[in-house]
Every structure is written in C-alpha cells, then in structure tokens.
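Single-letter residue listing:
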Amino acid sequence: MIRVVIADDEQLIRAGLRLILEAAPDIAVVGEAADGTEARAAAERLRPDVVLLDVRMPGLDGLAAAPAIVAAGPKVVMLTTFDLDEYVHEALRAGAVGFLLKDTPPRELAAAVRTVAAGNAMLAPSVTRRLISSFAERGPARREAARQRLARLTDREAAIVREVARGDGNAEVARRVGASEATVKTHVSRALAKLGVANRVQLAILVHDADLLE
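Residues numbered from 1 in each chain as written. Predicted model: local features only at pLDDT ≥ 70, side-chain atom pairs only at ≥ 80, totals over all residues. Heavy atoms only, no water.

A. Examining the overall build of the protein more closely. Within the protein, the regular secondary structure consists of eleven helices and five strands. Relative to its full complement of 214 residues, the protein shows a buried share of 47%. For the protein, the proportion of contacts with a sequence separation of at least 24, taken over those separated by at least 6, is 67%. Taken as a whole, the protein presents about 9900 Å² of accessible surface, with 50% of it coming from carbon and sulfur. (Helix = DSSP H or I, 4+ residues; strand = E, 2+ residues; numbered from the N terminus. Buried < 20%, exposed > 50% of the residue type's maximum accessible area, 1.4 Å probe, protein only. Contact = heavy atoms within 4.5 Å. Areas by Shrake-Rupley, 256 points an atom, 1.4 Å probe, with all protein chains shown as cover.)

B. How the structure looks around the sheet that holds strand 1 (residues 2-7). Sheet architecture is open: five strands sit in the order 2-1-3-4-5, paired in parallel fashion. Two strands close off the open sheet at either side, each with one partner strand: strand 2 (27-33) and strand 5 (98-101). Sheet twist, expressed as the mean angle between neighbouring strand axes with direction ignored, is 25°. Where strand 4 (residues 75-80) lies against strand 5, four bridges are found, and the strand directions are parallel. Of the residues in strand 5, the one forming a bridge with V77 is G98. Those strands touched by helix 3 (residues 62-72) are strand 3 (50-54) and strand 4, and its axis lies near 165° from that of strand 3. Each of strand 1, strand 2, strand 3, strand 4 and strand 5 touches helix 5 (residues 106-117); the most contacted strand, strand 3, lies at about 120° to it. (Pairing = 2+ DSSP bridges. Axes fitted to C-alpha atoms, helices over the stretch in contact; angles between N-to-C directions.)

C. Structural view of the nonpolar core. Counting 25 residues, the largest nonpolar core has A7, A39, V51, L53, I69, V76 and M78 as its most contacted members. Contributions of two or more residues to this core are made by strand 1, helix 2 (36-46), strand 3, helix 3, strand 4, helix 4 (88-93) and helix 11 (200-209). In contact with I69, other than residues within four places in its own chain, are A39, R40, A43, V51, L53, P74 and V76. A174, V188, A204 and V207 belong to the second-largest nonpolar core, a separate cluster that totals 24 residues. (Core = buried A, V, L, I, M, F, W, Y, C linked by side-chain atoms within 4.5 Å.)

D. Local environment of the layout of surface pockets. Looking at the largest pocket, its volume works out to about 280 Å³. Contributing to the lining of the largest pocket are 18 residues, with K75, G119, A198, N199 and R200 lying nearest its centre. Going through the elements one at a time, strand 4 and helix 10 (181-195) are the ones with two or more residues in the lining of the largest pocket. With four residues, helix 10 is the largest single contributor of residues to the lining of the largest pocket. (1 Å grid on protein atoms, 1.4 Å probe; cavity = no way out; pocket = protein on both sides within 12 Å on 5 of 7 lines; lining within 4 Å. Points joined across faces, edges and corners; volume = space filled by probe spheres on them.)

E. Just the packing of helix 2 against helix 3, in detail. Axis separation between helix 2 and helix 3 bottoms out at 9 Å; the angle between their running directions is 5°. Regarding the angle of helix 2 to helix 3, the classification is roughly parallel. Residues G36, A39, R40, A43 and E44 of helix 2 touch helix 3, and the partners they reach there are A65, A68, I69 and A72. Split into classes, the residues belonging to the contact of helix 2 with helix 3 amount to six nonpolar, one polar and two charged. (Parallel < 35°, antiparallel > 145°, perpendicular 65-115°, else oblique. Nonpolar A, V, L, I, M, F, W, Y, C, P; charged D, E, K, R; others polar.)

F. Local environment of the packing of helix 7 (residues 140-150) against helix 11. Axis separation between helix 7 and helix 11 bottoms out at 8 Å; the angle between their running directions is 120°. What the angle tells us is that helix 7 and helix 11 run oblique. Residues R142, R143, A146, R149 and L150 of helix 7 form the contact with helix 11, whose own contacting residues are L206, V207 and D209. Considering only residue class, the contact of helix 7 with helix 11 consists of four nonpolar, no polar and four charged.

G. Examining the environment of V50 more closely. Mapped onto the elements, V50 comes out in strand 3. Here V50 falls in the buried class, since its relative accessible area comes to 0%. When the C-alpha atoms of V50 and I6 are compared, they prove to be 8.7 Å apart, with 44 residues separating the residues in sequence.

H. Spotlight on helix 9 (residues 170-177). Along helix 9, the residues that are buried comprise N170, V173, A174 and V177. Within helix 9, the buried residues cover an arc of 100° as seen down the axis, which keeps them to one side. Packing partners of the buried residues in helix 9 comprise helix 8 (155-165), helix 10 and helix 11. Positioned one or two residues after helix 9, G178 has a phi angle of 70°, which is positive. (Arc of directions from axis to C-beta.)

Such coordinate-based values are descriptive only and should not be taken to indicate function.
Next up, the structure:
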C-alpha cells in the first residue's frame, strides 16, 4: 500500500482528496494536517510514502514545511490552485518532486501518487515543465554556476540529463539517446550523486538554470 498524508487548511479539500485516494485499492490515507507544522509532525510520526502539501496554509505554510518533510523521507507533492503559483518553483528547489492542481481529475490524482511513490518526478508537460522554464533564474552568475556544476558529468551523462530536463520519462529518454532504460536509470543516478541534487526535478531546474535547452 502507498501511504499518503494530506496537508491542506481546508477541511473540505482534505475530505475530497481522501475520498478520491481511498477509492484506489493500493493507496491508504494515513493522516491529515491543517498546516505546515502538523504536516511536518505527521511526516515524522507516520512515515508516509507521499505527502500532498498545500502551498498556502496559515502559520507554517507548505513552502516553509517542505524541506523538513523531505528530510524525513516522504516524497512531497505541492497542491496549488494556480498552475503558475510563484511559490512552487522554490518548493521544487527545496526537494518537492512536483505539484498538482486541486482540480486534477480523480483518476489522474491516484496515478500521480503512484508515479511519485515509484520515485518519478511530476514533470507534467502541461504544467510543471512550463513552471520550471518560467521561474528558472537565468542571470549570468547563476547560469555560470550551473554550467560549472554540470561540467562534472561525462558527455553521455550530460546528454541524458538534458533529455530528463525536457520532462520525459526513462523510456522516452532511452529512445532519444539510443540506450536501454536500465542504462538511463544508471546514468541519472550517477548524475544525481555527482551534482548533489535530490531528484529529477532539481536536476531539471539545474539544466534550465544553465540555459542548455534549445
């Protein structure tokens, strides 16, 4: 079972998300939280696989709570009403693996939770890729710093990392670069370790900061 904690200050939203997720046979909602402080405590106490974390909450909001929750182990997905919320990009930098709109269709919500629990980032072409591109800070100093970090990679790793930054999954990346999925996974894992980033979303942001995509 995939264990999920829902953090949102609106009880009605939490109830709706719980109803949708618990209709799936492989997902269990093990806790709820009304603010960031409660979400952080729930993550540490319940050790869920995934935390759905609202961006805007009273007291400690989702943005401030995200780093501690990520550090506790769960995968964090931000919940937002707007697909270009100015806070989400910073949350992705803090280690969240993506975000969902609150009006996401029920079937897609459950699928998203499964995707994140399996270790994949939420790089939805219609939302997350656009957000990363829109909010990436590409000043000369940041661009040069990102390029210096990426220079640690081999040519093969760098080519695969650029494809990952486009938001494609391992199968599509493998097709593009002419490699097996297993090879892609290996190169991505090595790149994450070399660059000191936590997940594919942070990897994509680094590539965007370096301005290496056409």
